[in-house]
Amino acid sequence: MPSISIPTPIRIAVIGAGPAGAYTAGHLLADASRPVQVDLIERLPTPWGLVRSGVAPDHPKIKTVTRVYERTAADARLRYYGNVELGRDISIHDLAGHYHAIVYATGAPGDRPLQIPREDLPGSHAATDFVGWYNAHPHHRHLTFDLSARRAIVIGNGNVALDLARMLTLTPQELAPTDTADHALQPLARSGIEEVVVVGRRGPAQASFTNPELIELKDLADVDVIVEPAELQAALALPQDSLDTTAKRNVQILRQYSEQKPTGARRRIVLRFLLSPVEILGDRRVSGVVFVRNQLVADGSGTLRARPTGERQTIQAGLVFRAIGYRGTPLPSVPFDPERSVICNRAGRVIELDGRIRPGEYVVGWIKRGPSGVIGTNKKDAQETVRAILQDIQSGQLLQPKDPTREGAHRMLASRCADLVTYQGWRQIDSHECSLGERQGRPRVKLTSIQEMVQIASSPAPREAAAPLPQTPPQEAPHPEQPRPQTPPRDSPRADPPRREAPELVPDSPTRAVSSSGRAPDF
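Each chain has its residues counted from 1, following the order in which its sequence is written. The model is predicted, so local features are restricted to residues of pLDDT at least 70 and side-chain atom pairs to those at 80 or more, both for listing and for counting; the totals for chains, interfaces and linings are taken over all residues. Note that water and hydrogens are dropped before the side-chain values are worked out from all heavy atoms of the structure.

### Quick notes on the overall build of the chain
- In this text, helices come from DSSP runs of H or I with a minimum length of four residues, and strands from runs of E with a minimum of two, each type numbered from the N-terminal end. When helices and strands are counted, the chain shows 16 helices and 20 strands.
- Of all 523 residues assigned to the chain, the portion counted as buried reaches 58%.
- Sequence separation of at least 24 residues holds for 79% of the intrachain contacts in the chain that already meet a minimum separation of 6.
- The Shrake-Rupley method, run with a 1.4 Å probe, gives the accessible areas here. Residue values count only the displayed protein chains as cover. Split by element, the accessible area of the chain, about 22900 Å² in all, is 50% carbon and sulfur. Each residue is placed in one exposure class: buried if its accessible area under a 1.4 Å probe, protein chains only, is under 20% of its type's maximum, exposed if it is over 50%, and partly exposed if it falls in between. Throughout, a residue-residue contact means that at least one pair of heavy atoms, one from each residue, lies within 4.5 Å.

Here is the structure:
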């Protein structure tokens, strides 16, 4: 096989520092001898995406997965650039001038609408907005939610729906030691919600809850979990021995809930099945939801589908959340499939609408495969994309940047965005938040203002050495990837980003075509 001229180091830009982007960087850098450099570019000042702004505050163990990402970030071959957004501060053309490969890891920032009458009434909300609000996401900090209603309806049968049900029913004592946003603590603690009805269009065996999320409802301090035995039995259209392990366990847990007698707790979580919303009721604000009852019918492949019957049921409520899934949104100049709401790709390689591969462009995570799986699913997904990148490095199917140096990319990014946040800047934000939290007996007090984050990140670094990273093994996260909100402005929008000279960096080693042995490096 003839030798291939491969530039080294290979410079790769990963757009998005959530789990998908972090796992991609980790796989690329897994081999210490691999001549690869990664720049992780994130539109927020803070990294780790949904682990920071999607995982529920009462799930601190799930957030320990960031220790894996921190070990990746400690690699000298990785640089983090926060507060930089593709399409606002930089373009694909800018990136192509400095990187051999671009990986899109931007998640699925849109929510799926119900597409029913009066969905936009006050009191009807997307789960993504509520999750971002109580998780201190900067783009949701100004939202308000009227929690004075006695009953709330959560439409959806996934982990996000259960997150909302828990957050709406936690006691002030349960909320106090969490990293819930300061602006959400008092409204949640003083909430008038007495009952949360979680409604799914299919049966309990088809619900997408993970077992831990479902079973932990019993541990809530002042909540009865209600499942009507007759309704549960009627909704089980398949014999239990035909279900997968997760579905079998979910059915067992639900049976246990159905057999429990209410204790008279202050709040209730009611789990309902085989109901699809057809109309939201109300004049000036939500007053209820009309549902049609479904039945499960096998299609030609044997898959059970929810089919509406003629029976309708109205549930009165003053608050409705839709948690039925998420949608990817297009990126500038990147081929997009509007039907699936993903970037057009083949096994992680970006393709044109006619199927031609776009050399040097890749995609990973929800914007690649659609909104499915848990946080850990992104690890395997990233392996597939990285495998494609390494194959294309060997075959020379990369971009041909004019200036593939680390300092050149840094100057470009700094000239496009005056408020870059480096990884050291993020560590200062992290330390500041943890320090605020320590005073209150909480993991952290999250900053919600981008301007304040930038100010903290750019303050003089402390003289003392950074604390070593924790060595406790992280818990695999049984939680769905949560999207980041769609195209919101910064705290202070600007039409044209100011330009400035970038600080000088230590130059990279000269780019070379082959390794010191005269052969192409083994990727």
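Still more ground to cover, so stick around.
### Quick notes on the packing of aromatic side chains
- For Phe, Tyr and Trp, rings pair up if their centres lie within 6.5 Å, where Trp contributes its six-membered ring, and each pair is then called stacked (planes under 30 degrees apart), edge-to-face (over 60) or tilted (otherwise). With the rule as written, the count across this model stands at eleven aromatic pairs.
- Their ring planes at 85° and their centres at 5.2 Å tell us that Tyr23 and Tyr69 sit as a pair that is edge-to-face. Note that Tyr23 is positioned in helix H1 (residues 19-28) and Tyr69 in helix H3 (residues 66-73), a separation of 46 residues in sequence.
- Judged by relative accessible area, which is 2%, Tyr69 ranks as buried.
- Ring geometry for Trp133 against Phe145: centres 5.0 Å apart, planes inclined by 55°, an arrangement best described as tilted. With Trp133 in helix H5 (residues 127-134) and Phe145 in the loop between H5 and strand E7 (151-155), this pair connects stretches of sequence that are twelve residues apart. Considered together, Trp133 and Phe145 belong to a single accessibility category, that of buried residues.
- A network of ring pairs unites the aromatic residues Tyr23, Trp48, Tyr69, Tyr80 and Tyr423 as a single cluster.

### Examining the pairing of strand E8 (residues 195-199)
- Taking burial as the measure, the five residues of E8 include five buried ones, the bulk of the element.
- Side chains Glu195, Val197 and Val199 project from E8 onto one buried face, and the interleaved Val196 and Val198 project onto a second face that is buried too.
- Sheet topology note: the E7/E8 ladder contains five bridges and is parallel. Its bridge partner lying in E8, Ile153 is registered against Val197.
- Here five bridges tie E8 to strand E10 (residues 267-272), and the two strands are oriented parallel to one another. Any two strands with at least two DSSP-identified bridges between them are counted as paired.

### Let's talk about the environment of Tyr423
- Among the secondary structure elements, Tyr423 is positioned in helix H15 (residues 423-440).
- Sequence separation between Tyr423 and Glu70 is 353 residues; the distance between their C-alpha atoms is 9.9 Å.
- Residues in contact with Tyr423, not counting those within four places in the same chain, are Trp48, Glu70, Ala73 and Tyr80.

### Digging into the pairing of strand E2 (residues 36-42)
- By the criterion of burial, E2 is predominantly enclosed, with seven of the seven residues buried.
- Bridge count for strand E1 (residues 10-15) against E2 is six bridges, and the pairing is parallel. Within E2, the position partnered with Ala13 by the bridge is Asp39.
- Seen with the strands pointing away from the viewer, any crossover whose path from the first strand over the helix to the second strand runs clockwise is right-handed. Once the chain exits E1 it traverses H1 before rejoining the sheet at E2, and the crossover so formed is right-handed.
- Judged from the five bridges that link them, E2 and strand E3 (residues 78-82) form a sheet pairing that is parallel. Bridging from a neighbouring strand, Val38 pairs with Leu78 of E3.

### Things to note about unusual backbone geometry
- Unlike most non-glycine residues, Asn83 shows phi in positive territory, near 70°.
- Note on placement: Asn83 falls in the loop between E3 and helix H4 (92-96).

### Some points on the sheet that holds E8
- Read from one edge of the open sheet, six strands run E6-E14-E7-E8-E10-E9, paired in parallel fashion. The open sheet has two edge strands with one neighbour each: strand E6 (124-126) and strand E9 (223-226). Looking at each pair of strands side by side, their axes are set apart by 20° on average, direction ignored.
- Axes, fitted as lines to C-alpha atoms, cover a helix only where it is in contact. Angles between the N-to-C directions of the axes lie from 0 to 180 degrees. Here H5 sits on the sheet and contacts E6 and strand E14 (319-322); the angle it forms with E6, its principal contact strand, is near 75°.
- Most of the contacts of helix H6 (residues 159-169) go to E10, to which it runs at about 165°, and overall it touches E7, E8, E9, E10 and E14.

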